[in-house]
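Observations on chain architecture
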Amino acid sequence: MIKNILAVATVSLAFLACQPNSKKLPIIGDREVVEKVVDGKTVIDTIYPAIPNFEFLNQDSVLISDKNFENKIYVANFFFTHCPSICPTMQRNLLKAYEKFKGNSGVAFLSHSIDFKHDQPHVLKSYASKLGVDNDQWQFVTGSKADIYGISDKYLVFTKEDENVAGGYDHSGYLVLIDHEKHIRGVYDGTSEEETEKLLSDIDILLAEYK
Amino acid sequence: MKLVCTLLIFGLMIIGFAQLSSCHNNNLNIQTAQYAVNGQKLYKIHCQNCHGAKGEGLGKLYPPLTDKNFLSKNRNQLACIIKNGLKGEIVINGETFNQNMPALSTLNDVDIAYILTYVTTHFGDADSTFSQDEVAQSLKDCK
(Lines give C-alpha, C1' and ligand atoms only; values in the text may rest on other atoms or scores of the structure.)
Protein backbone atom coordinates (compact mmCIF):
# COMPACT_ATOMS: atom_id res chain seq x y z
CA MET A 1 0.00 0.00 0.00
CA ILE A 2 2.77 2.41 0.95
CA LYS A 3 4.48 1.53 -2.30
CA ASN A 4 1.34 2.49 -4.22
CA ILE A 5 1.08 5.82 -2.46
CA LEU A 6 4.72 6.54 -3.18
CA ALA A 7 4.24 5.71 -6.86
CA VAL A 8 1.24 8.04 -7.15
CA ALA A 9 3.12 10.78 -5.32
CA THR A 10 6.11 10.46 -7.63
CA VAL A 11 3.99 10.60 -10.77
CA SER A 12 2.06 13.66 -9.59
CA LEU A 13 5.26 15.38 -8.52
CA ALA A 14 6.72 14.76 -11.96
CA PHE A 15 3.60 16.32 -13.53
CA LEU A 16 3.74 19.33 -11.26
CA ALA A 17 7.41 19.84 -11.92
CA CYS A 18 6.98 19.73 -15.69
CA GLN A 19 3.97 22.00 -16.00
CA PRO A 20 5.46 25.52 -15.63
CA ASN A 21 8.14 24.96 -18.27
CA SER A 22 5.74 23.85 -20.97
CA LYS A 23 3.41 26.81 -20.50
CA LYS A 24 3.37 29.82 -22.78
CA LEU A 25 0.68 32.48 -22.81
CA PRO A 26 -1.30 32.90 -26.04
CA ILE A 27 -1.52 36.15 -27.99
CA ILE A 28 -5.10 37.36 -27.75
CA GLY A 29 -7.13 39.10 -30.45
CA ASP A 30 -8.06 38.57 -34.11
CA ARG A 31 -4.90 37.96 -36.06
CA GLU A 32 -4.51 39.05 -39.61
CA VAL A 33 -2.77 36.95 -42.23
CA VAL A 34 -1.01 38.98 -44.90
CA GLU A 35 1.05 38.13 -47.94
CA LYS A 36 4.23 40.07 -48.48
CA VAL A 37 6.99 39.90 -50.97
CA VAL A 38 10.42 39.35 -49.42
CA ASP A 39 13.44 39.01 -51.75
CA GLY A 40 11.16 38.35 -54.71
CA LYS A 41 9.28 35.56 -52.93
CA THR A 42 5.75 35.77 -51.63
CA VAL A 43 5.60 34.83 -47.94
CA ILE A 44 2.70 34.66 -45.54
CA ASP A 45 2.97 36.58 -42.32
CA THR A 46 0.67 36.73 -39.31
CA ILE A 47 0.06 40.09 -37.70
CA TYR A 48 -1.27 40.15 -34.16
CA PRO A 49 -3.18 43.15 -32.86
CA ALA A 50 -1.07 45.42 -30.67
CA ILE A 51 -1.73 48.39 -28.41
CA PRO A 52 -1.04 51.54 -30.51
CA ASN A 53 1.16 54.42 -29.34
CA PHE A 54 -0.44 56.62 -26.71
CA GLU A 55 0.11 59.73 -24.63
CA PHE A 56 -1.76 60.47 -21.40
CA LEU A 57 -1.45 62.79 -18.42
CA ASN A 58 -0.54 60.95 -15.20
CA GLN A 59 -1.19 61.57 -11.49
CA ASP A 60 1.82 63.91 -11.30
CA SER A 61 0.54 65.97 -14.28
CA VAL A 62 3.36 64.54 -16.40
CA LEU A 63 2.68 63.43 -19.97
CA ILE A 64 3.56 59.75 -20.23
CA SER A 65 3.47 57.55 -23.30
CA ASP A 66 3.98 53.98 -24.47
CA LYS A 67 7.73 54.76 -24.25
CA ASN A 68 7.42 54.58 -20.44
CA PHE A 69 6.45 50.93 -20.84
CA GLU A 70 9.29 49.91 -23.16
CA ASN A 71 10.93 46.63 -22.15
CA LYS A 72 8.29 46.10 -19.51
CA ILE A 73 5.25 43.93 -19.25
CA TYR A 74 2.29 45.78 -17.81
CA VAL A 75 -1.24 45.32 -16.59
CA ALA A 76 -3.81 47.84 -17.82
CA ASN A 77 -7.33 48.54 -16.62
CA PHE A 78 -10.11 51.15 -16.76
CA PHE A 79 -11.74 52.70 -13.69
CA PHE A 80 -12.82 55.99 -12.14
CA THR A 81 -12.09 57.26 -8.65
CA HIS A 82 -15.66 57.66 -7.39
CA CYS A 83 -16.92 54.45 -8.99
CA PRO A 84 -19.32 52.78 -6.58
CA SER A 85 -19.61 49.40 -8.27
CA ILE A 86 -16.84 47.10 -9.49
CA CYS A 87 -13.78 49.38 -9.28
CA PRO A 88 -12.96 49.03 -5.58
CA THR A 89 -12.81 45.25 -5.89
CA MET A 90 -10.84 45.45 -9.14
CA GLN A 91 -8.33 47.91 -7.65
CA ARG A 92 -8.10 45.85 -4.45
CA ASN A 93 -7.12 42.86 -6.61
CA LEU A 94 -4.71 44.83 -8.80
CA LEU A 95 -3.12 46.13 -5.60
CA LYS A 96 -2.21 42.51 -4.78
CA ALA A 97 -0.27 42.31 -8.06
CA TYR A 98 1.36 45.71 -7.41
CA GLU A 99 2.47 44.62 -3.97
CA LYS A 100 3.80 41.30 -5.25
CA PHE A 101 5.88 42.86 -8.04
CA LYS A 102 6.77 46.14 -6.31
CA GLY A 103 10.40 46.95 -7.01
CA ASN A 104 10.55 44.73 -10.11
CA SER A 105 11.41 47.19 -12.91
CA GLY A 106 10.17 44.71 -15.52
CA VAL A 107 6.55 45.00 -14.39
CA ALA A 108 4.29 48.08 -14.48
CA PHE A 109 0.64 48.96 -13.99
CA LEU A 110 -1.53 51.42 -15.90
CA SER A 111 -5.00 52.51 -14.74
CA HIS A 112 -6.98 54.69 -17.14
CA SER A 113 -9.70 56.89 -15.69
CA ILE A 114 -12.83 56.91 -17.84
CA ASP A 115 -14.19 59.95 -15.98
CA PHE A 116 -12.39 62.61 -18.01
CA LYS A 117 -14.49 65.35 -16.33
CA HIS A 118 -13.83 64.70 -12.65
CA ASP A 119 -10.58 62.70 -12.43
CA GLN A 120 -7.99 65.46 -12.91
CA PRO A 121 -4.36 64.58 -12.06
CA HIS A 122 -4.62 65.84 -8.46
CA VAL A 123 -7.71 63.66 -7.91
CA LEU A 124 -5.81 60.66 -9.31
CA LYS A 125 -2.81 61.50 -7.12
CA SER A 126 -4.86 61.57 -3.95
CA TYR A 127 -6.61 58.33 -4.96
CA ALA A 128 -3.31 56.58 -5.71
CA SER A 129 -1.66 57.52 -2.45
CA LYS A 130 -4.75 56.60 -0.42
CA LEU A 131 -4.80 53.25 -2.19
CA GLY A 132 -1.22 52.70 -1.03
CA VAL A 133 0.67 53.37 -4.28
CA ASP A 134 3.88 55.23 -3.46
CA ASN A 135 6.12 54.80 -6.53
CA ASP A 136 5.83 55.35 -10.30
CA GLN A 137 5.42 51.66 -11.10
CA TRP A 138 1.66 52.11 -11.13
CA GLN A 139 0.51 55.00 -13.32
CA PHE A 140 -2.97 56.54 -13.12
CA VAL A 141 -3.82 58.48 -16.27
CA THR A 142 -6.44 60.74 -17.75
CA GLY A 143 -6.95 61.93 -21.31
CA SER A 144 -9.58 63.15 -23.72
CA LYS A 145 -12.74 61.11 -23.98
CA ALA A 146 -11.87 60.08 -27.54
CA ASP A 147 -8.36 58.93 -26.58
CA ILE A 148 -9.33 56.97 -23.47
CA TYR A 149 -12.45 55.36 -24.92
CA GLY A 150 -10.61 54.73 -28.17
CA ILE A 151 -7.74 52.88 -26.52
CA SER A 152 -10.07 50.85 -24.30
CA ASP A 153 -11.29 49.14 -27.49
CA LYS A 154 -7.71 48.15 -28.25
CA TYR A 155 -7.43 46.56 -24.80
CA LEU A 156 -10.75 44.78 -25.53
CA VAL A 157 -12.34 46.54 -22.55
CA PHE A 158 -15.86 47.90 -22.85
CA THR A 159 -16.32 51.52 -21.66
CA LYS A 160 -19.29 53.81 -22.05
CA GLU A 161 -20.65 57.01 -20.57
CA ASP A 162 -24.10 56.08 -19.30
CA GLU A 163 -26.15 58.18 -16.93
CA ASN A 164 -28.41 55.21 -16.16
CA VAL A 165 -25.75 53.24 -14.28
CA ALA A 166 -24.42 53.97 -10.79
CA GLY A 167 -21.64 56.54 -10.99
CA GLY A 168 -22.44 57.58 -14.58
CA TYR A 169 -20.02 55.32 -16.46
CA ASP A 170 -20.41 51.73 -17.54
CA HIS A 171 -17.35 49.57 -18.08
CA SER A 172 -16.01 46.07 -17.68
CA GLY A 173 -13.53 45.24 -14.96
CA TYR A 174 -10.86 43.41 -16.90
CA LEU A 175 -7.17 43.41 -16.05
CA VAL A 176 -5.26 43.14 -19.32
CA LEU A 177 -1.71 41.77 -19.47
CA ILE A 178 0.53 43.31 -22.15
CA ASP A 179 3.95 42.08 -23.29
CA HIS A 180 7.03 43.95 -24.64
CA GLU A 181 5.65 43.87 -28.19
CA LYS A 182 2.39 45.44 -26.88
CA HIS A 183 0.44 42.25 -27.57
CA ILE A 184 -2.37 41.20 -25.24
CA ARG A 185 -1.29 38.02 -23.48
CA GLY A 186 -4.05 37.61 -20.91
CA VAL A 187 -7.40 39.04 -19.88
CA TYR A 188 -8.60 38.53 -16.30
CA ASP A 189 -11.80 39.45 -14.50
CA GLY A 190 -10.54 41.94 -11.92
CA THR A 191 -13.54 41.34 -9.68
CA SER A 192 -12.69 37.65 -9.22
CA GLU A 193 -10.12 36.55 -6.67
CA GLU A 194 -9.50 33.32 -8.56
CA GLU A 195 -8.69 35.12 -11.83
CA THR A 196 -6.47 37.56 -9.97
CA GLU A 197 -4.45 34.60 -8.68
CA LYS A 198 -4.16 33.44 -12.30
CA LEU A 199 -2.91 36.91 -13.31
CA LEU A 200 -0.22 36.73 -10.63
CA SER A 201 1.07 33.39 -11.89
CA ASP A 202 0.73 34.43 -15.56
CA ILE A 203 2.91 37.50 -14.90
CA ASP A 204 5.62 35.09 -13.72
CA ILE A 205 5.18 32.98 -16.85
CA LEU A 206 5.41 36.04 -19.12
CA LEU A 207 8.41 37.43 -17.24
CA ALA A 208 10.22 34.16 -17.87
CA GLU A 209 10.01 34.83 -21.63
CA TYR A 210 12.31 37.82 -21.24
CA LYS A 211 14.89 36.26 -18.98
CA MET B 1 -4.07 -0.28 9.87
CA LYS B 2 -7.79 0.11 9.19
CA LEU B 3 -8.55 0.80 12.84
CA VAL B 4 -5.84 3.43 13.03
CA CYS B 5 -7.20 5.15 9.92
CA THR B 6 -10.76 5.19 11.24
CA LEU B 7 -9.63 6.59 14.57
CA LEU B 8 -7.57 9.22 12.82
CA ILE B 9 -10.49 10.31 10.65
CA PHE B 10 -12.78 10.55 13.69
CA GLY B 11 -10.19 12.57 15.51
CA LEU B 12 -9.83 15.00 12.62
CA MET B 13 -13.62 15.34 12.32
CA ILE B 14 -13.94 16.25 15.99
CA ILE B 15 -11.20 18.86 15.67
CA GLY B 16 -12.87 20.19 12.51
CA PHE B 17 -16.26 20.61 14.17
CA ALA B 18 -14.71 22.25 17.18
CA GLN B 19 -12.92 24.72 14.86
CA LEU B 20 -16.11 25.49 12.93
CA SER B 21 -18.14 26.32 15.99
CA SER B 22 -15.40 28.47 17.49
CA CYS B 23 -15.00 30.55 14.30
CA HIS B 24 -17.49 33.20 15.28
CA ASN B 25 -19.24 34.58 18.23
CA ASN B 26 -21.08 31.41 19.16
CA ASN B 27 -23.15 33.00 21.89
CA LEU B 28 -25.51 34.51 19.32
CA ASN B 29 -29.09 33.46 19.74
CA ILE B 30 -30.91 31.94 16.81
CA GLN B 31 -32.66 35.16 15.71
CA THR B 32 -29.43 37.16 15.78
CA ALA B 33 -27.71 34.44 13.78
CA GLN B 34 -30.51 34.47 11.19
CA TYR B 35 -30.30 38.25 10.89
CA ALA B 36 -26.54 38.01 10.47
CA VAL B 37 -26.82 35.38 7.73
CA ASN B 38 -29.29 37.55 5.79
CA GLY B 39 -27.08 40.53 6.51
CA GLN B 40 -24.04 38.82 5.06
CA LYS B 41 -25.84 38.29 1.74
CA LEU B 42 -26.81 41.97 1.56
CA TYR B 43 -23.35 43.01 2.74
CA LYS B 44 -21.81 41.19 -0.24
CA ILE B 45 -24.06 43.05 -2.65
CA HIS B 46 -23.98 46.55 -1.17
CA CYS B 47 -20.88 46.94 1.01
CA GLN B 48 -18.19 44.39 0.22
CA ASN B 49 -16.87 46.11 -2.93
CA CYS B 50 -15.43 48.93 -0.87
CA HIS B 51 -15.23 47.59 2.67
CA GLY B 52 -13.92 44.11 1.80
CA ALA B 53 -15.02 40.57 2.64
CA LYS B 54 -13.58 40.78 6.15
CA GLY B 55 -14.54 44.41 6.71
CA GLU B 56 -10.89 45.32 6.24
CA GLY B 57 -11.54 48.40 4.05
CA LEU B 58 -9.12 49.44 1.30
CA GLY B 59 -5.99 51.45 2.07
CA LYS B 60 -6.92 54.92 3.22
CA LEU B 61 -9.71 55.14 0.65
CA TYR B 62 -12.41 53.13 2.38
CA PRO B 63 -12.39 52.66 6.14
CA PRO B 64 -12.44 49.23 7.78
CA LEU B 65 -15.61 48.27 9.68
CA THR B 66 -13.66 46.64 12.46
CA ASP B 67 -13.36 49.59 14.85
CA LYS B 68 -15.29 48.12 17.79
CA ASN B 69 -15.31 51.43 19.66
CA PHE B 70 -16.69 53.36 16.71
CA LEU B 71 -19.41 50.76 16.17
CA SER B 72 -20.59 50.76 19.76
CA LYS B 73 -20.27 54.53 20.35
CA ASN B 74 -22.09 55.41 17.13
CA ARG B 75 -24.60 52.57 17.23
CA ASN B 76 -27.54 54.97 16.87
CA GLN B 77 -25.95 56.64 13.79
CA LEU B 78 -25.06 53.49 11.83
CA ALA B 79 -28.46 53.18 10.13
CA CYS B 80 -28.23 56.83 9.04
CA ILE B 81 -24.78 56.28 7.52
CA ILE B 82 -26.08 53.40 5.38
CA LYS B 83 -29.32 55.10 4.37
CA ASN B 84 -27.98 58.63 3.76
CA GLY B 85 -24.32 58.08 3.00
CA LEU B 86 -21.49 59.98 4.62
CA LYS B 87 -19.45 63.09 3.83
CA GLY B 88 -16.44 64.61 5.56
CA GLU B 89 -13.72 63.32 7.85
CA ILE B 90 -14.07 60.38 10.17
CA VAL B 91 -11.45 58.70 12.36
CA ILE B 92 -11.43 54.90 12.33
CA ASN B 93 -8.86 52.85 14.27
CA GLY B 94 -6.90 56.09 14.72
CA GLU B 95 -6.70 56.81 10.95
CA THR B 96 -8.47 59.70 9.25
CA PHE B 97 -10.64 58.95 6.23
CA ASN B 98 -12.32 61.47 3.98
CA GLN B 99 -14.13 59.97 1.02
CA ASN B 100 -17.81 60.34 0.20
CA MET B 101 -19.86 57.25 0.88
CA PRO B 102 -22.87 56.92 -1.43
CA ALA B 103 -26.34 56.73 0.13
CA LEU B 104 -28.13 53.40 -0.09
CA SER B 105 -31.54 55.02 0.03
CA THR B 106 -33.35 52.07 -1.57
CA LEU B 107 -32.63 49.73 1.35
CA ASN B 108 -35.59 49.31 3.68
CA ASP B 109 -35.47 49.13 7.48
CA VAL B 110 -35.31 45.37 7.71
CA ASP B 111 -32.45 45.17 5.16
CA ILE B 112 -30.50 47.72 7.18
CA ALA B 113 -31.26 45.75 10.36
CA TYR B 114 -29.86 42.58 8.72
CA ILE B 115 -26.70 44.34 7.52
CA LEU B 116 -26.05 46.05 10.85
CA THR B 117 -26.61 42.83 12.78
CA TYR B 118 -23.99 41.18 10.58
CA VAL B 119 -21.50 44.05 10.79
CA THR B 120 -21.81 44.69 14.54
CA THR B 121 -21.67 41.02 15.56
CA HIS B 122 -19.01 39.82 13.08
CA PHE B 123 -16.71 42.83 12.79
CA GLY B 124 -17.64 44.46 16.10
CA ASP B 125 -18.23 42.89 19.49
CA ALA B 126 -22.02 43.18 19.73
CA ASP B 127 -23.93 40.03 20.59
CA SER B 128 -27.52 41.07 19.98
CA THR B 129 -29.86 41.66 17.04
CA PHE B 130 -30.03 45.09 15.48
CA SER B 131 -33.82 45.16 15.32
CA GLN B 132 -36.02 46.75 12.71
CA ASP B 133 -37.45 49.02 15.44
CA GLU B 134 -33.98 50.17 16.41
CA VAL B 135 -33.28 51.06 12.77
CA ALA B 136 -36.58 52.95 12.45
CA GLN B 137 -35.85 54.86 15.66
CA SER B 138 -32.30 55.72 14.54
CA LEU B 139 -33.49 56.95 11.15
CA LYS B 140 -35.91 59.36 12.84
CA ASP B 141 -33.03 60.98 14.71
CA CYS B 142 -30.42 61.23 11.96
CA LYS B 143 -28.02 64.11 12.51
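As recorded in an unreviewed UniProt entry, chain A goes by SCO family protein and comes from Sphingobacterium litopenaei. You can read under Sequence similarities (unreviewed entry) in the UniProt record for chain A the words "Belongs to the SCO1/2 family."

**Section: the overall build of chain B**
Of the regular secondary structure elements, chain B holds seven helices and two strands. Element order for chain B, N to C, with α for helix and β for strand: α-α-α-α-α-β-β-α-α. Buried residues in chain B amount to 36% of all 143 residues. A fraction of 62% describes how many contacts in chain B between residues 6 or more apart in sequence connect residues 24 or more apart. With the model as given, the accessible surface of chain B reaches about 8,800 Å², and the carbon-plus-sulfur share is 57%.

**Some remarks on the overall build of chain A**
When you go through chain A residue by residue, the secondary structure sums to five helices and eleven strands. Counted over contacts in chain A with a minimum sequence separation of 6, partners at least 24 positions apart contribute 67%. Surface summary for chain A: the accessible area is close to 11,300 Å², and the carbon and sulfur share equals 54%.

**As for the layout of surface pockets**
As a volume, the largest pocket reaches approximately 1,100 Å³. Lining the largest pocket are 44 residues, with Cys50(B), His51(B), Asn100(B), Met101(B) and Pro102(B) sitting closest to its centre. Contributing elements (two or more residues each) for the lining of the largest pocket: helix H3 (121–131) of chain A together with helix H2 (30–46), helix H3 (48–51), helix H4 (68–73), helix H5 (78–84), strand S1 (90–92) and helix H6 (109–122) of chain B. The class makeup of the residues in the lining of the largest pocket is 29 nonpolar, twelve polar and three charged. Considering only enclosed or pocket space, the second largest pocket measures out at about 290 Å³ in volume. Lining the second largest pocket are 13 residues, with Thr89(A), Arg92(A), Glu193(A), Gln48(B) and Ala53(B) sitting closest to its centre. Of all the secondary structure elements, the ones that give two or more residues to the lining of the second largest pocket are helix H2 (87–101) of chain A together with H3 of chain B. By residue number, the principal contributor to the lining of the second largest pocket is H2(A), which donates four residues. A breakdown of the residues in the lining of the second largest pocket according to their chemical character gives one nonpolar, six polar and six charged.

**Description of the confidence of the model for chain B**
When pLDDT is averaged along chain B, the result is 88; 82% of the residues meet or exceed 70. Low pLDDT, under 50, characterises residues 19–23 of chain B; the stretch is placed with one contact to residues that sit more than four places away or in other chains.

**Comments concerning the interface of chain B and chain A**
Contacts between the two partners involve 16 residues from chain B, matched on the other side by twelve residues from chain A. Per-residue buried area on chain B facing chain A is highest for Asn49(B), Leu58(B) and Leu61(B); these three make up 50% of the total on that side. Counting the contacts that link chain B with chain A gives one salt bridge. For Glu56(B), the salt bridge goes to Arg92(A), with nearest N and O atoms at 3.6 Å. Counting the contacts that link chain B with chain A gives seven residue pairs in polar contact (both at pLDDT 80 or more).

What counts and what doesn't
- Residues numbered from 1 in each chain as written.
- Chains lettered and ligands numbered in written order.
- Predicted model: local features only at pLDDT ≥ 70, side-chain atom pairs only at ≥ 80, totals over all residues.
- Heavy atoms only, no water.
- UniProt positions renumbered as here; feature names shortened; annotations may be inferred.
- Helix = DSSP H or I, 4+ residues; strand = E, 2+ residues; numbered from the N terminus.
- Buried < 20%, exposed > 50% of the residue type's maximum accessible area, 1.4 Å probe, protein only.
- Contact = heavy atoms within 4.5 Å.
- Areas by Shrake-Rupley, 256 points an atom, 1.4 Å probe, with all protein chains shown as cover.
- 1 Å grid on protein atoms, 1.4 Å probe; cavity = no way out; pocket = protein on both sides within 12 Å on 5 of 7 lines; lining within 4 Å.
- Points joined across faces, edges and corners; volume = space filled by probe spheres on them.
- Nonpolar A, V, L, I, M, F, W, Y, C, P; charged D, E, K, R; others polar.
- pLDDT = per-residue confidence, 0-100.
- Buried area = accessible area lost by both parts, 1.4 Å probe.
- Salt bridge = Lys/Arg side-chain N within 4 Å of Asp/Glu carboxyl O.
- Polar contact = N/O pair within 3.5 Å; in protein donor to acceptor, adjacent residues only side chain to side chain.

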